[in-house]
Amino acid sequence: MSAAQSLLRSSTDSSLTPHGSDHDLSSLSSPLDARLSYLGTPLKHQSLSAMRQHVLCYVATLTRICLRSSAALLPSFMRDWKKVESTHLPLSRGKHALAALNGLRGVACLIVFNYHFIFVWTHSADVSWGTVIDTEGLEEKEVIKYQGNDQKSPLQLPFIRLIYAGHAMVIVFFVISGYVLSHKPMKLMRAGKFEELQRVLSSSVFRRGIRLFAPTLIGTFITMLFTSAGYFEAGKGERTDPVTYQGNNEEHPILYSTFYEQSSDWLRSVGTLVSNVWCWDLYFNNYDPHLWTIPLEFRSSIVLFVTVLGFSRVRPIPRLTLLFGLVSLCLAYWARWEVFLFLAGMMFAELDLISGIFTEAPLLDEEKDTSRSQRSFGWAWGAIMLVGLFLNSCPSAQPYNAPGYMYLSTFVPEPYNWQPGRPLQAIGGCLMVWSFMHLPKIQRIFTTAVAQYLGQISYAFYIVHGPILHGFGYGFVLRCWSLTGKETNVGFASGLALAMLVVLPIAIWAADLFWRAVDTPCVELARWIEMRLSSGLNDTNER
C-alpha cells in the first residue's frame, strides 16, 4: 500500500468519529459519554438520521430514569405485586399462628386509624350502646357534646364497636408483643440452652431501644419540619366549634416564629419522650401524641426480658405459678396494665409451647383430624374468644353506666378510676389473643396477603397516621361534609366514608414509604451497631 493510500484510509477512518481519533467513541467511559460527545459535534458533521437516533436515545434514557424514580414512590405491593402472597398453606401450625399474629397486629393498627379518624368528631367513639352519660363534674363544653344523643347507634354495640375501638387495639398490640418477644427465649429456656438464651436476651435488650425510638424520632422530626413550614395551620381556626368537634379535640402541633424555636421545642419534646421510659406517667408529645404508647412498650419489654432471665432456671410449674402471681399483681394491685399484658403474653407463649402447637407437622395434615375431642377443644377456644371480644369491647368512657358492663365494673380496682375500662379491656385482649392462637380457621383471615402487608407496615403506619390526619385528613372531612352535609346521620356518615376513601390510601402510601425508607433501615441499623460492637450474637425477634 502506498503512502497516499495509507493517508487516505487514515483520514476516512477518523471521519467516522466526531473529532477524529482524539475523541474516538471506543475510548469513552460509557454510552452516555459517547452521546454527549456526539452532541458536541458541529451540525455539518452529523447526519439527520443519526441525530434522530441519538435524540431518541436521550428521551428513552430520561424516561427510564423518571420511571425508576417514580417507581420508588409506589407502594411496595404495587412494585412487587407478584410477590404478594398469603402465607397459610406451606407453614406448620405454630409458624402459621405466628404469621397470623403479624396479620392481627396489622388489622389492629388499621382499627387504631379508624378510631383516630372519627374520635375528634363524636364522643360516641368511646361510649358503648345504651350508656346513660353522667354529666356531673364535666365542663360545659363537654356537656354540650352529650346533649341530644341517646347512645343507641348499632355501631356502639359490643363486638361491632371493635371496628373502631382504638384503646382496645392498643391492648392487642401489647399482648402480641409480649408473646412474640418471649416465644424464642421461652423455647430456648425449655430446651435448657441457657448460653444461647443469654445471647438472645442480650441482643434483645441492646436493640430494643433503637428499634422503637429511632423511627419515632425520625417521624417526629419530619413532622417538626412540616410544622415549621405551616403545614398544620390551615385547620387550626376550625377547632373551636364544639358542635362540629364533639369528640377529642386533639391539638395540632404548635407553630413557632423561628426554626430555631421550633427545633428547640422538638428536642425538648423528644427528649422527654425518650427519658419518660422510666417515668410511669403518660406523656403526649407535641408532634405526635399518639406515640404515648412507645415508652410504655419499651419499659414493658425490659421488664419482660428481666422476668425471662430471672425465671429461666426455675422449673416449669413453679415458674408458671410465680408468673401468674406477678401478672395478677401488675393488673389488680399495681395498676400496671401494660406490664400485665406483656407478662401475660409471656405466660401464654410458655403454655402454648407446653401444649405442643408449635410442631413441625403441616397445618393441613393436622386439620384432617376431626375427632370429637378436637372439635370440643375448638368450641371451647371459640367460646373463650367470644368472651375476650366482649370484654375487649368495653368502652373507655363510663363503662359503669353501660349495659353489660355495669356489674363487671364494680370489680375494677380503685387505681383505675381515671381509666375504668382498661382492666376489662386488658383481660379481654388477653383471652382474645390466646384463643386466637388455637383457632386455625380464624387465623386464615389474618394470613391473607392484605393482612400480612398491613402487619409489615404496622409500626410505620402507627407513626405516620397521626400527622397525616392532622395535616390533611381532618380538613378533608370538613370539605366532604360541605358536599354531603352533616346535619343528618346519613350525611354525617356519607361525608366520613367519602373522606376515608381518600385519606386511608394516602396514609397507607405514606406508611409504606416510611417503612421502606426509615423503619426497615432502623432495624438494620440496630443489627449493624450490635454486630460492630459485639460478635457471635444470634438474631432475635423484633416487635
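For the structure, check the block above.
Attention in this report is confined to the structure presented alongside it. Quantities reported herein were computed from a predicted structural model and do not represent experimental measurements. (Residues numbered from 1 in each chain as written. Predicted model: local features only at pLDDT ≥ 70, side-chain atom pairs only at ≥ 80, totals over all residues. Heavy atoms only, no water.)

### Some remarks on the overall build of the protein
- Secondary structure assignment for the protein yields 20 helices and zero strands.
- The long-range fraction of contacts in the protein, counting pairs at least 24 apart against all pairs at least 6 apart in sequence, stands at 75%.
- Accessible surface computed for the protein: about 27,000 Å², of which carbon and sulfur atoms make up 65%. (Helix = DSSP H or I, 4+ residues; strand = E, 2+ residues; numbered from the N terminus. Contact = heavy atoms within 4.5 Å. Areas by Shrake-Rupley, 256 points an atom, 1.4 Å probe, with all protein chains shown as cover.)

### Description of helix α8 (residues 194-228)
- Helix length check: α8 (35 residues) gives 51 Å between terminal C-alpha atoms against 51 Å at 1.5 Å per residue, within 8%.
- Looking one or two residues beyond α8, the residue adopting positive phi is Gly-230, at roughly 85°. (Expected span 1.5 Å × (residues − 1).)

### Considerations on the packing of aromatic side chains
- For the coordinates displayed, the defined rule picks out 22 aromatic pairs.
- A centroid spacing of 5.8 Å and a plane angle of 10° characterise the contact between Phe-174 and Trp-337, whose relative ring orientation is stacked. Taken as a pair, Phe-174 in helix α7 (residues 166-190) and Trp-337 in helix α12 (residues 337-355) lie far apart in primary sequence, 163 residues in all. Across this residue pair, the class does not change: Phe-174 and Trp-337 are buried.
- Arranged with centres 5.3 Å apart and planes meeting at 80°, the rings of Phe-436 and Phe-446 form a pair that is edge-to-face. Here Phe-436, found in helix α16 (residues 422-436), pairs with Phe-446, found in the loop between α17 (440-443) and α18 (449-456); they are 10 residues apart in sequence, far enough to count as distant.
- Accessibility expressed as a relative area gives 3% for Phe-436, which makes it buried.
- Classification of Phe-446 as buried rests on a relative accessible area of 15%. (Phe/Tyr/Trp six-rings, centres within 6.5 Å; stacked < 30°, edge-to-face > 60°. Buried < 20%, exposed > 50% of the residue type's maximum accessible area, 1.4 Å probe, protein only.)

### As for the environment of Ile-354
- In this structure, Ile-354 sits in helix α12.
- The partly exposed category is assigned to Ile-354, whose relative accessible area is 43%.
- Taking the C-alpha atoms as reference, Ile-354 lies 9.8 Å from Lys-187; in sequence the two are 167 residues apart.
- Discounting chain neighbours no more than four positions away, the residues touching Ile-354 are Arg-190 and Leu-320.

### Comments concerning unusual backbone geometry
- Within the chain, Phe-159 stands out as a residue other than glycine whose phi angle is a positive 75°.
- You can see Phe-159 is positioned in the loop between α6 (140-146) and α7.
- The phi torsion at Ala-335 lies on the positive side, around 60°, for a residue other than glycine.
- Among the structural elements, Ala-335 can be located in the loop between α11 (316-333) and α12.
- Taking the relative accessible area as the measure of exposure, Ala-335 reaches 12% and is therefore buried.

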